[in-house]
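# Coordinate analysis (summary)
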Amino acid sequence: MSDVRHVLVLPDRDAAEEAAQALGDRFGIDEEPRILRDALAGEDDAEDAQWLVVLRDEREALDPGELDAFAGEWEGWREEP
C-alpha cells in the first residue's frame, strides 16, 4: 500500500466543500477528503486564503489529469507533489 495523496487547491471554502462532496460520486473514493485552509504567511483575511482538498490514493487509481480537470470546474487546480 502506498501513501499517495492528491491536493486540490480551490479558491474558497464553498468550492472546497462542493468539490469534496463531488469527489465520491465522480471518482468513487471511499474515504472523505480533508479540507484545509491555506493562507499566505501573515495573511488573516479569508479573501487571501486558498482551500485545499486532500485525498488519499493508496491504490494509485486516480488519474492526476482528471483530478486537475475536476478542480478546474471550481477554478482550482491539482498541486504537483
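To keep things clear, this report deals only with the structure shown in the data block.

### Thoughts on the packing of helix 1 (residues 13-27) against helix 2 (residues 64-72)
Relative to each other, helix 1 and helix 2 sit at 135°, their axes nearing to 11 Å. Classified by the interaxial angle, the pair formed by helix 1 and helix 2 is oblique. The crossing of helix 1 and helix 2 is right-handed. Here helix 1 contributes Ala 19, Ala 22, Leu 23, Arg 26 and Phe 27 to the contact with helix 2, which in turn contributes Glu 66, Leu 67 and Phe 70. For the contact of helix 1 with helix 2, the residue count by class is six nonpolar, no polar and two charged.

### Describing the environment of Arg 56
Assignment of secondary structure puts Arg 56 in strand 3 (residues 50-56). Separated by 25 residues in the primary sequence, Arg 56 and Glu 31 have C-alpha atoms spaced 7.7 Å apart.

### Some thoughts on unusual backbone geometry
Excluding glycine, residues mostly carry a negative phi; peptide bonds, for their part, are mostly trans. Although it is not a glycine, Glu 60 sits at a positive phi angle of roughly 50°. Its location among the elements puts Glu 60 in the loop between strand 3 and helix 2. The phi torsion at Glu 75 lies on the positive side, around 60°, for a residue other than glycine. Checked against the element boundaries, Glu 75 lands in the loop between helix 2 and strand 4 (77-79).

### Some thoughts on the pattern of salt bridges
Overall, the coordinates contain five salt bridges when judged by the stated rule. Two residues, Arg 13 and Glu 17, come together in a salt bridge whose shortest N-O distance is 2.9 Å. Of this pair, Arg 13 and Glu 17 both sit in helix 1, four residues apart, roughly one helical turn. Relative accessible area serves as the criterion here: at 48%, Arg 13 is assigned to the partly exposed category. You can call Glu 17 partly exposed: its relative accessible area is 34%. Among the ionic pairs, Arg 78 bridges to Glu 80, the shortest N-O distance being 2.9 Å. Taking the relative accessible area as the measure of exposure, Glu 80 reaches 57% and is therefore exposed.

### Overview of helix 2
Looking only at helix 2, the buried set comprises Leu 67, Phe 70 and Ala 71. The buried residues of helix 2 occupy one face: seen down the axis, they fall within an arc of 95°. Taken together, the buried residues of helix 2 touch strand 1 (5-10), helix 1 and strand 4. N-capping of helix 2 is provided by Asp 63, with a side-chain oxygen placed 3.0 Å from the backbone N of Gly 65.

The rules we used
- Residues numbered from 1 in each chain as written.
- Predicted model: local features only at pLDDT ≥ 70, side-chain atom pairs only at ≥ 80, totals over all residues.
- Heavy atoms only, no water.
- Axes fitted to C-alpha atoms, helices over the stretch in contact; angles between N-to-C directions.
- Helix = DSSP H or I, 4+ residues; strand = E, 2+ residues; numbered from the N terminus.
- Parallel < 35°, antiparallel > 145°, perpendicular 65-115°, else oblique.
- Left-handed = near helix turned anticlockwise from the far one by under 90°.
- Contact = heavy atoms within 4.5 Å.
- Nonpolar A, V, L, I, M, F, W, Y, C, P; charged D, E, K, R; others polar.
- Salt bridge = Lys/Arg side-chain N within 4 Å of Asp/Glu carboxyl O.
- Buried < 20%, exposed > 50% of the residue type's maximum accessible area, 1.4 Å probe, protein only.
- Arc of directions from axis to C-beta.
- Polar contact = N/O pair within 3.5 Å; in protein donor to acceptor, adjacent residues only side chain to side chain.

Just geometry here; none of it tells us what the structure is for.
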